[in-house]
Amino acid sequence: MESLTLTSDAMPIGLARMVNNGSSAQKVVVTGLGMVSPLGLTVLDSWDAVVAGKSGIDYITRFDAESFDTRFAAEVKGFDPENYLDRKDARRMDRFAQFAAVAAQEACRQAELEPREMDRYSVHVVVGSGIGGLSTLTEQHQVLLDRGPRRVSPFLIPMMLADMGSAQVSMVTGAMGANYCITSSCSSGADAIGAGWELISNGRADVVLAGGAEAPITPLGVAGFNALRALSRQNDSPQRASQPFNRTRDGFVLAEGAAVLVLESADHAAARGARPLAELRGYAATSDSHHLTEPNPTGQSAAAAVNAALDVAELSPSDVDYLNAHGTSTPLNDWHETKALKLALGDEAYRIPVSSTKSMTGHLLGAGGALEAALCTVALREGIMPPTINLDDPDDDCDLDYVPNEARHAGLNVVLSNSFGFGGHNSVIVLTRAEL
């Protein structure tokens, strides 16, 4: 059993400086959650499916995928934006922005937050997206080819822009503080939450609606990821295709959806009588500086992000009760993430339960980190660790406790959520029970 430790001497000077200056002046709490996922259109439906170990993966219905190398994905089912949004407004939003707007509405309802009835400039919005309006881009490119340039929609540009998820959240909620998008591939949602944490902890915002949104299940999206050889091709058994840490894993499953968290300073939440669901205790990010798509094989930079996040939170590996892994089900990612966890956590890596909810949700790309942070928040409240389903034959190099196939009940006080992205992005969020 290999045990590796990332010593403090190995931490880069710049990262150490970030950690030393990272203690927050304002405590940040989570007071609301919203989800639109392949497992359900609400937080409750998504969470119930996760606990039951249900898969949201099936054959693609949004287009004819018969000629594609991968014919399945994790689609959001039964979603009609006009059930939630003004009909005219909904038609001027790409699917990813619709998801973001609906998730934000649910989060605000749960938090009992109405930005229009408070200082609207104190409520900020940060919604990440790795790709943005790919559905609109794909559709309108076909219009250009079939019908010519004069038939292209005047809403093409504003609908395809990646920042429109954030912009639409601002418009549907009435938030008028800073409003922007973070694009850092599959770390986008986690980095958006981290940006929200920084805004509040530094005293620059009272409230931030933070999360991620993505809708990449289009012919161009699936073809592109197939060309990259990143997607699973287990077409005979879609619901078993996402199998993080399993010996027979062969790629990730493309997914869509959104999650938004209402972040507040603890003082602001207390003043309005809001009940915190969790404390957002820390966040850190590093870069591999290595390759377009492959993680750094040393695991050092991902491990440094884990250690830095714990240091910012003033916690140690021995405090961690559960970790939601990036766990994409690709051969390289799962192995390298396991290696990074051993480097960061030392012998504690073998004690800490680790699971990948992507085994059920698929990979929501820029929304993945936000959805997983939201699921971690519910896990803290409920004392339940989600399982890694389809884990029947673990890879010899992936030898940690991955909570195989069934959810596990336990008292949880400290949880971590990892998000790693193409380009070498490593982002880690630390959540704790609100009373800690």
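Our structure is the block above this text.
About the cut-offs
Residues numbered from 1 in each chain as written. Predicted model: local features only at pLDDT ≥ 70, side-chain atom pairs only at ≥ 80, totals over all residues. Heavy atoms only, no water. Helix = DSSP H or I, 4+ residues; strand = E, 2+ residues; numbered from the N terminus. Rg over C-alpha atoms; globule rule 2.2 N^0.38 Å. Buried < 20%, exposed > 50% of the residue type's maximum accessible area, 1.4 Å probe, protein only. Contact = heavy atoms within 4.5 Å. Areas by Shrake-Rupley, 256 points an atom, 1.4 Å probe, with all protein chains shown as cover. Lys, Arg positive; Asp, Glu negative; His and termini not counted. Charge placed at Lys NZ, Arg CZ, Asp CG, Glu CD. Arc of directions from axis to C-beta. Pairing = 2+ DSSP bridges. Phe/Tyr/Trp six-rings, centres within 6.5 Å; stacked < 30°, edge-to-face > 60°. Axes fitted to C-alpha atoms, helices over the stretch in contact; angles between N-to-C directions. Salt bridge = Lys/Arg side-chain N within 4 Å of Asp/Glu carboxyl O. Core = buried A, V, L, I, M, F, W, Y, C linked by side-chain atoms within 4.5 Å. Nonpolar A, V, L, I, M, F, W, Y, C, P; charged D, E, K, R; others polar.

A. The arrangement of the overall build of the protein chain in detail. The number of helices and strands found in the protein chain is 14 helices and 14 strands. For 436 residues, the compact-globule formula gives about 22 Å, and the C-alpha radius of gyration of the protein chain, at 20 Å, lands near that figure. Taking the principal axes of the C-alpha coordinates as reference, the protein chain spans close to 60 × 55 × 40 Å. Out of the 436 residues in the protein chain, the part that is buried amounts to 61%. Within the protein chain, counting contacts between residues at least 6 apart in sequence, those at least 24 apart form 79% of the total. Just so you have it, the protein chain exposes about 16700 Å², and 49% of that area is on carbon and sulfur atoms. Computed over 33 positive and 53 negative side-chain charges, the separation of the two mean positions in the protein chain equals 6 Å.

B. Here's a closer look at helix α2 (residues 43–52). Turning to α2, its buried residues number three or more, namely Val-43, Ser-46, Trp-47, Ala-49 and Val-50. Down the axis of α2, the sector holding all buried residues measures 160 degrees, keeping them to one side. Seen from the open side of α2, the exposed residues pointing more than 90 degrees away from its buried face are Leu-44 and Ala-52. Where α2 is buried, its residues contact β1 (28–36), α4 (95–111), α13 (358–361), α14 (368–382) and β11 (384–385). Note on α2: the residue one or two positions beyond its end, Gly-53, has a positive phi of about 70 degrees.

C. Examining the pairing of strand β6 (residues 207–214) more closely. The buried count for β6 comes to eight of eight residues, which makes it a mostly enclosed element. Where burial is concerned, the two faces of β6 agree: the one with Val-207, Leu-209, Gly-211 and Ala-213 and the one with Val-208, Ala-210, Gly-212 and Glu-214 are both buried. Of the pairings in the sheet, the one linking strand β4 (residues 123–128) to β6 comprises six bridges and is parallel in character. Among the inter-strand pairings, Val-123 is bridged to a residue of β6, identified as Val-207.

D. Structural view of helix α7 (residues 164–173). When you tally the buried positions in α7, you get eight out of 10 residues, the bulk of the element. Listing the buried residues of α7 in full gives Met-164, Gly-165, Ser-166, Ala-167, Gln-168, Val-169, Ser-170 and Thr-173. In this structure, the buried side of α7 is in contact with α4, β4, α6 (156–160), β5 (179–180) and β6. Within two residues after α7, Gly-174 carries a phi angle of roughly 90 degrees, on the positive side.

E. Examining the pairing of strand β7 (residues 257–265) more closely. Buried residues dominate β7, accounting for nine of its nine residues. One ladder, built from eight bridges, connects β1 with β7; its direction is antiparallel. If you follow Val-30 over to β7, its bridge partner there is Leu-263. As defined by bridge partners, β6 adjoins β7 across eight bridges and the pair is classed as antiparallel.

F. Up close: the environment of Gly-133. Mapped onto the elements, Gly-133 comes out in the loop between β4 and α5 (134–147). For Gly-133, a relative accessible area of 3% gives the class buried. Excluding residues that lie within four positions of it along the chain, Gly-133 makes contacts with Asp-94, Phe-96, Met-159 and Met-160.

G. Main features of the packing of aromatic side chains. Applying the stated criterion to the full structure yields five aromatic pairs. Taken together, a centroid distance of 5.0 Å and an interplanar angle of 65 degrees make the contact between Phe-79 and Phe-99 edge-to-face. Here Phe-99 lies in helix α4 and Phe-79 lies in the loop between β3 (72–73) and α3 (87–90), a separation of 20 residues in the sequence. One exposure class covers both Phe-79 and Phe-99, and it is buried. Grouped by ring-pair contacts, the aromatic residues Phe-79, Tyr-84 and Phe-99 constitute a single cluster.

H. Examining the sheet that holds strand β10 (residues 354–355) more closely. Taken together, the 10 strands give an open sheet; going across it, the order is β5-β4-β6-β7-β1-β8-β14-β13-β9-β10, and neighbouring strands pair in mixed fashion. Each of the sheet's edge strands pairs with one partner strand only, and the pair in question is β5 and β10. The pairing of strand β9 (residues 322–324) with β10 spans two bridges and is classified as parallel. Bridge pairing in β10 places Leu-323 opposite Val-354. Sitting on the sheet, helix α11 (residues 300–312) touches β8 (278–287), β13 (414–421) and β14 (425–432), and the angle it makes with β8 is about 145 degrees.

I. View of the pattern of salt bridges. Within the structure shown, the criterion is met by 15 salt bridges. Shared partners join several salt bridges into a network, and the residues in it are Glu-82, Arg-87 and Arg-91.

J. Layout of unusual backbone geometry. Phi at Asn-390 is positive, roughly 65 degrees, even though this residue is not glycine. Tracing the backbone shows Asn-390 in the loop between β11 and β12 (408–409). Here Asn-390 falls in the buried class, since its relative accessible area comes to 6%. Even without being glycine, Asn-405 reaches a positive phi, approximately 70 degrees.

K. Seen up close, the nonpolar core. Judged by nonpolar contacts, the single largest core of 55 residues is most densely connected at Ile-193, Leu-263 and Leu-431. Counting residues per element, this core draws most heavily on α14, at nine residues. Apart from residues lying up to four places away in sequence, Leu-263 is in contact with Val-28, Val-29, Val-30, Ile-193, Gly-196, Trp-197, Ile-200, Asp-206, Val-207, Val-208, Ala-210 and Leu-280. Counting 33 residues, the second largest nonpolar core, distinct from the first, contains Val-76, Phe-96, Phe-99 and Leu-113.

L. The arrangement of the packing of helix α8 (residues 188–201) against α14 in detail. Two elements in contact, α8 and α14, have axes whose closest approach is 5 Å; the angle formed by their N-to-C orientations is 65 degrees. Facing α8, whose interface residues are Gly-189, Ala-190 and Ile-193, α14 presents Gly-369, Ala-370 and Ala-373. The residue makeup of the contact of α8 with α14, split by class, is four nonpolar, two polar and no charged.

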